[in-house]
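Structural description and commentary
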Amino acid sequence: MGRVAAWLAERIPISPDQLAELTNEPVPHHLKRWWFCLGGTPAYLFVVQIVTGILLATYYQPAPATAYESVRYITETAHFGWYLRSLHKWAATLMIAAVILHQMRVYFTAAYRAPRDLNWVVGMGLLMTTLLTGFTGYSLVFEQLSYWGATVAANLCDAVPLVGRTAKLLLLGGEEYNAHTLSRLYVLHAAVLPGTLVLLIACHIALVRLHGVTEFPEDKAVPPERRYFPFFPDHVLTELIIGLVLMIVLSALATLLPATMGPKADPLTTPEVIKPEWFFYVAFRWLKLFSLTFAVLSTGLIVATMFLWPWIDRLLRRLTGIEEISVYIGIVATLLLIGMTVWEAAVAH
């Protein structure tokens, strides 16, 4: 055993003490509550997405003539294909929800303020990339609604000034949905966007490690000996428990509410109502309320505001003298988002 340890030490010159110091940083007391540990939840679900996505890719064929039938084969014929597809679908849904909730937690606790402002920008990048991954995955089934949803999305891209037309051509591979579109969506969904997520997650974790986890005033009220707890094994065990609970929830959802097949895409028949996935209900309702140009430009402005919020928040606090002004703005924005989502969900589809 000693010879093995010496062999490893020579090739990996990191002592156990150095490794413990690198990985076992003290964790603030407030992270004992699961709702402050939401950052690990989407990371776990992302791993589920990677594993199930690789297995589904062994059957999926990204072409208009074969995509729908290959998904049907997975769903109805392949051994446990229905389960894997359902796991993939529900893990995507929960991952998007977890990223949104995590970003909201960071917002309402003002954990985005300097020196962690750049990590907020990385987090927003993670949110946008996760939404795009969900959209491209929804489009791969080649159902009627997903086909026309992708067509609408491409037309929306065309309405964006300067870069919109180029984005549409890159997405579709032409002026309209064609034989090359599905393969492009597949490359985005299976390679480009997951690779981007991996890079952003690595950057996000690195910045958290450099700055440490944000401490709250309530942590100071805790006795000094209980103010921090070790990352390993305490926090790791918490994350493992959350992972096991998530796996049970995913399995239950996949079994009780499995993924189904809708009508196959028909380019010659436009559906009366086009239904996006739930995480785009807000954007879809916004488009219905205003003209296309105003809706697209205002959406871009809102997204840009979200990316730049740490600096906007600092300016607002300086101008108004209200330290928690972001909380009031956040409450109004959250109520609007929930209201518009429920409004769109209540419409018959």
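Throughout what follows, the structure given in this document is the object of discussion. (Residues numbered from 1 in each chain as written. Predicted model: local features only at pLDDT ≥ 70, side-chain atom pairs only at ≥ 80, totals over all residues. Heavy atoms only, no water.)

**So, the packing of aromatic side chains**
The final tally for this structure, using the stated rule, is 17 aromatic pairs. When the centroid spacing of 5.2 Å and the interplanar angle of 85° are considered together, the rings of Tyr107 and Phe108 count as edge-to-face. Exposure remark for Phe108: the relative accessible area of 30% places this residue in the partly exposed category. Between Trp278 and Phe279, the ring centres sit 5.6 Å apart and the planes meet at 85°, which makes this aromatic pair edge-to-face. We classify Trp278 as partly exposed; its relative accessible area is 32%. Residue classification places Phe279 among the buried positions, given a relative accessible area of 13%. An aromatic cluster of three or more residues is present, and its members are Tyr107, Phe108, Tyr112, Trp120 and Trp309. The ring of Trp90 has Lys89 sitting right over it, with the charged end atom 5.4 Å from the ring centre. (Phe/Tyr/Trp six-rings, centres within 6.5 Å; stacked < 30°, edge-to-face > 60°. Buried < 20%, exposed > 50% of the residue type's maximum accessible area, 1.4 Å probe, protein only. Lys NZ or Arg CZ within 6 Å of the ring centre and 35° of its normal.)

**A look at the side chain of His102**
Mapped onto the fold, His102 is located in helix H5 (residues 81–108). For His102, a relative accessible area of 15% puts it in the buried group. Apart from the residues within four sequence positions on either side, His102 is in contact with Leu38, Gly39 and His204. (Helix = DSSP H or I, 4+ residues; strand = E, 2+ residues; numbered from the N terminus. Contact = heavy atoms within 4.5 Å.)

**Quick look at a nonpolar patch on the surface**
A surface patch of nonpolar side chains, amounting to about 490 Å² of accessible area, comprises Val4, Trp7, Leu8, Ile12 and Ile14. Counting through the fold element by element, Leu8 comes out in helix H1 (residues 2–11). (Patch = residues over 30% accessible without salt bridge, like charges linked within 9 Å, V, L, I, M, F, W, Y side chains within 5 Å. Areas by Shrake-Rupley, 256 points an atom, 1.4 Å probe, with all protein chains shown as cover. Salt bridge = Lys/Arg side-chain N within 4 Å of Asp/Glu carboxyl O.)

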